[in-house]
Amino acid sequence: NASSSASQELLKVADDGLVLRQPQIQEDVLVSLSTAADNFASALDLVTAGVADVKGVVASITTVCRRAVTTFAGRANTRDSDVSNLQTLRSQSLATQARVQADLDRLTTMETDAQSSFDATVAQRAAEAIAFGEEHGATIKQAQLLSDVLVKLRERQAVLTSSHNVAGATQPTTAKAGDSFMFLKTSDYDYPAGCSNNAAVVVKKVDNLNDPAVEVEWDGGFIFWVKWVDLRTMMPVTSSSGELDSVIGVFTVMLDSANSGQSIDAKEHSEKDLQLMGLVKSYKDSLLHIDSEYQTKNAERSTAKATAVDAKQEAGLHGSVSTEEQNLLSALQDLCGFAGEASLTGEVTIITQRSEQLLSSFTTKVEQTLLTINAIVASDSAVLVQVVRPPQPQSKAAKWIADARARGLKPLARKRAGARMPGQPAKHDPNLDPAPPAPAAAAAPVRVQGAHLQGSVPGSAALHEVLPLPPSAPIAPLHLHVAAAPLASQPVRPHLAGPSRAELSGALRKLAKALPGSGGSLADDVKVLNALVHSSGGGGTRGAAAAGQEPASGMSAAMQSCVEEKQSLTAQIVSTRRAARTERSTLAVAEVRMESLPRWVELLQVSIDLVDQSKAAMLQAYKPLMAMAETDSFTETIDSALAKIATAEATITSYMAGDTAGPEAAGLPDAMVDIKADLIKFKQDIPNDLEALYNDGSTITLKSEGLVARLGNAQGVLETVAGVTQALLDSSANKLQQLEQTEQDLMSQRMALEASCEATLVSAASGAGLLSLRTSLQLGATAAVNATAPARRVI
């Protein structure tokens, strides 16, 4: 039976991949190796229990933390619903406000238009009165002017008996120096005054590469470049006086009309003045009616506006509280992750995962060591089959060995020649191993926030004294720099705009054509005739006043003062009414605010109570962690495990120093180094993580206390707002009363002004001042021709 058992053990060892040898029989060595295996198993039991304690502490904190996360997250959802209802209420109020605002905008536009019409009609009535008085004297001057022109036209009639050249219908396209043409302007090119129209010219140069392309000379010696389109072939004709006879007839009729139109103008002025007076009164009545209608609409708008302001303010308060609570919620989520998620996150998960990874690594290494020791013991026991040995009880290592085999672990690999023995320094051969392996800590999870905050939170220094840990290097923040793409150059599109020129009317063209261009007096004739035609066709100075223009001679100082004061007082009345509307809206908003303030104070108090409850629960959950820190229980557990490993290491070292250690034991020294390194890592990393966990809890406590303080301060601010709002109510009511009184005073002033200005208006209409001949001509004259010739464009 003993031989069969030994054979089975040899088969197991062979299955583990070892090459067996025939060892020297050393019963005491085998017993020592078995004891070392038990020490390894005891150390593994200690570490497993210590990690379980740590996970239990973390689990209690996680439970309370996740309950708080769920509470605050649920509160955020409820608040979102409340804010949504407030936004709906505000949208409805704004819709009502917008609907009424459309009517108010219409009334405001009507009010602005009525005020502008009032101002314009007041000015027009004054201008009409002055224009009528000036026109009486201007009629005499006009009749004299028409008489003088008729004399000039009859003198010109005699000149038309001789032959002269006129422009033909053909437009030349080629020419040479010395050719003669007629200059007849048909283009919109801006020629200087020296370019006499409908006059003979002689070609000096031709340059078709440019435009204008032809340089010509007039009879007077003036030289300028002109366009082909403005040249015509010459056609000699003999003018008749038929067209000029019709012109003379027109001016004769104008003279007769000027002499007989005075009585008609007086009647027309009286009728129009009555109409303008009625318009002034109707515009004042319209302004008063518009203000009355505005008051009704504005009351409805103010109610809707006050409701919208109240909803907006309350939603904003919800947002402020939400921001504060979200800050606390973020700290809780950094600690224990998000509520309801499948995979855990947060600091507690990092600690749990790190402890589990360290435990897994440590367990694997210890189990591999146990398998190796078991294989050595089994191999050496095969030779002792003839020795009678008492039955041995199952060792502590047996269950770990069975577990390792069940998971498919193999013993430590054989050591090749030149393997390092205990006490021998490690050698690094760059040819065989170019890059040293990465440290095992690289695979550990990375802490997101709160790790190693020694000294940053009250109480952390005391915990550091209980857990003497080396300070960790801070993690450098990651900064992302995104280069902004340069803006694409936008092409500048040139602004294309040509000169705007007024065209002569058909009548003026006919008059200009009828007069010959001799003696250099044609330009003067055109100016005189142009002025007269405009004066006649436009209704004289009264026509200009009827169009809303001021008479050229200007109003008298008294009349101008009347017009300006009427306009100023009306503007002040309208402005005062608008200011009163603003005060009424302010009153409506303030009244609603006074009703809302108690509700907002209660909203803050609910948040204060919730934060206080969460803080108390977290402090209770952290008590086991504080107890672990005070007793230093985890560190003591790891120290006990290190002592067990040290005892086992002494046995292994003694075995390796003897003659019986074979190649299958070569991996034991390195395994001892790795196992002790894992224990040192346990001793350093887990307390560090626990301290970070404590710091995170302290941060949450500080945030909670700060939040409660800020919410309490906000309640104090709301109490101050209540006092300020009440003062605003009183102030707006007083301002509104003053504005209403100011409106009445201004309307009384305007009424008195209108009575005094009526006498001034009647005096102006009686004929104060006469228009000069120059003024009469300027009213209908066209713009003066630019005397400076434009620079020739080079293509």
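Note that the coordinates shown come from a computational prediction; the quantities given were computed from them, not determined experimentally. (Residues numbered from 1 in each chain as written. Predicted model: local features only at pLDDT ≥ 70, side-chain atom pairs only at ≥ 80, totals over all residues. Heavy atoms only, no water.)

Turning our eyes to something else, we now look at the overall build of the protein chain. Broken down by element type, the protein chain carries 15 helices and 7 strands. Buried residues in the protein chain amount to 39% of all 795 residues. Within the protein chain, counting contacts between residues at least 6 apart in sequence, those at least 24 apart form 86% of the total. Within the structure as shown, the protein chain displays about 42,500 Å² of accessible surface, and the carbon and sulfur contribution to it stands at 57%. (Helix = DSSP H or I, 4+ residues; strand = E, 2+ residues; numbered from the N terminus. Buried < 20%, exposed > 50% of the residue type's maximum accessible area, 1.4 Å probe, protein only. Contact = heavy atoms within 4.5 Å. Areas by Shrake-Rupley, 256 points an atom, 1.4 Å probe, with all protein chains shown as cover.)

Looking now at the environment of Met747. One can find Met747 in helix 14 (residues 668-765). Accessibility expressed as a relative area gives 23% for Met747, which makes it partly exposed. Taking the C-alpha atoms as reference, Met747 lies 9.5 Å from Gln572; in sequence the two are 175 residues apart. Every residue in contact with Met747, bar those within four places of it in the chain, is listed here: Leu288, Ile573 and Arg577.

So, about the side chain of Gln97. By the secondary structure assignment, Gln97 is in helix 2 (residues 27-159). The exposure class of Gln97 is buried, given its relative accessible area of 16%. If we skip the residues at most four places from it in the chain, Gln97 touches Arg301, Ala304, Lys305 and Ala308.

We describe a pair of aromatic rings using the distance from one ring centre to the other and the angle between the two ring planes. Under the counting rule described, the total for this entry stands at 7 aromatic pairs. When the ring of Phe362 is compared with that of Phe682, the centres are 6.2 Å apart and the planes differ by 90°; the resulting orientation is edge-to-face. Note that Phe362 is positioned in helix 5 (residues 347-381) and Phe682 in helix 14, a separation of 320 residues in sequence. Both residues of the pair, Phe362 and Phe682, count as buried. Following the ring pairs from residue to residue traces out a cluster consisting of Phe183, Tyr189, Tyr191, Trp218, Phe222 and Phe224. Over the ring of Tyr294 we find Arg581; its NZ or CZ atom is 3.8 Å from the centre of that ring. (Phe/Tyr/Trp six-rings, centres within 6.5 Å; stacked < 30°, edge-to-face > 60°. Lys NZ or Arg CZ within 6 Å of the ring centre and 35° of its normal.)

Once that is clear, we can look at the sheet that holds strand 4 (residues 214-218). Across the sheet, 5 strands lie side by side as 5-4-3-2-6; this open sheet has antiparallel pairing. Because the sheet does not close on itself, it has two edges, and the strands there are strand 5 (223-226) and strand 6 (231-232). (Pairing = 2+ DSSP bridges.)

Attention shifts here to the nonpolar core. In summary, soluble globular proteins display a tendency toward joint burial of nonpolar side chains. Of all hydrophobic cores here, the largest spans 78 residues; its most connected members are Phe40, Val47, Leu332, Leu335, Leu679, Phe682 and Leu693. Elements with a contribution of two residues or more to this core: helix 2, helix 4 (262-336), helix 5, helix 6 (397-406), helix 11 (557-621), helix 12 (623-631), helix 13 (633-657) and helix 14. When residues in this core are grouped by element, the largest group, 18 residues, is from helix 2. Beyond its immediate chain neighbours, meaning those up to four positions away, Leu679 contacts Val47, Phe362, Ile638, Ala641, Leu642 and Ile645. Within the second largest apolar cluster, 16 residues are counted, among which are Tyr189, Ala213, Trp218 and Trp228. (Core = buried A, V, L, I, M, F, W, Y, C linked by side-chain atoms within 4.5 Å.)

Glancing now at the pattern of salt bridges. Tallying each qualifying case throughout the model produces 27 salt bridges. Residue Lys281 pairs with Asp285 through a salt bridge whose shortest N-O separation is 3.1 Å. In this pair, Lys281 and Asp285 both sit in helix 4, 4 residues apart, roughly one turn of the helix. Residue Asp285 is classed as partly exposed on the basis of its relative accessible area, which comes to 42%. When the shortest N-O distance is used, the salt bridge between Glu740 and Arg584 registers 2.9 Å. Placement of the pair is Glu740 in helix 14 and Arg584 in helix 11, with a sequence separation of 156 residues. Residue class for Glu740 comes out partly exposed when judged on its relative accessible area of 35%. Each of Glu111, Asp291, Arg578 and Arg581 takes part in a single network of salt bridges with overlapping partners. (Salt bridge = Lys/Arg side-chain N within 4 Å of Asp/Glu carboxyl O.)

By the element assignment, Thr369 lies in helix 5. Sequence separation between Thr369 and Lys410 is 41 residues, and the spatial gap between their C-alpha atoms is 9.4 Å.

Enumeration over the complete set of coordinates arrives at 2 disulfides. There is a disulfide in this structure between Cys65 and Cys336, and the S-S distance comes to 2.0 Å. Where Cys65 bonds to Cys336 through sulfur, the torsion about that S-S bond is close to -75°, and the disulfide is left-handed. Highlighted residues: Cys65 in helix 2 and Cys336 in helix 4, separated in sequence by 271 residues. Between the sulfur atoms of Cys562 and its disulfide mate Cys757 the distance is 2.2 Å. One quick way to see it: the torsion about the S-S bond of Cys562 and Cys757 is about -95°, and its sign makes the bridge left-handed. Placement of the pair is Cys562 in helix 11 and Cys757 in helix 14, with a sequence separation of 195 residues. Cysteine pairing for the protein chain (bonded cysteines numbered in sequence order): 1-2, 3-4. (Disulfide = S-S within 2.5 Å.)

Segments scoring low in pLDDT should not have their predicted coordinates read at a detailed level. Counting all residues, the mean pLDDT for the protein chain is 73, and 68% of those residues have values of 70 or more. Across residues 382-391, confidence stays below pLDDT 50; counting only partners more than four residues off in sequence or on other chains, it has 14 contacts. A low-confidence stretch, residues 768-795 (pLDDT under 50), is modelled with 46 contacts involving residues beyond four sequence positions or located in other chains. (pLDDT = per-residue confidence, 0-100.)

Moving on, we come to helix 13. With 25 residues, helix 13 ought to run about 36 Å at 1.5 Å a step, and its terminal C-alpha atoms sit 36 Å apart, in line with that. Those residues of helix 13 not exposed but buried are Phe634, Thr635, Thr637, Ile638, Ala641, Leu642, Ile645, Ala648, Thr651, Ile652, Tyr655 and Met656. (Expected span 1.5 Å × (residues − 1).)

On to the pairing of strand 2 (residues 180-183). Two elements, strand 2 and strand 3 (residues 199-206), share 4 bridges in a ladder whose sense is antiparallel. Residue Ser180 lies in a different strand from strand 3, and its bridge partner there is Val202. Sheet analysis places strand 2 next to strand 6, joined by 2 bridges and oriented antiparallel. Within strand 6, the residue paired with Phe183 across the bridge is Leu231.

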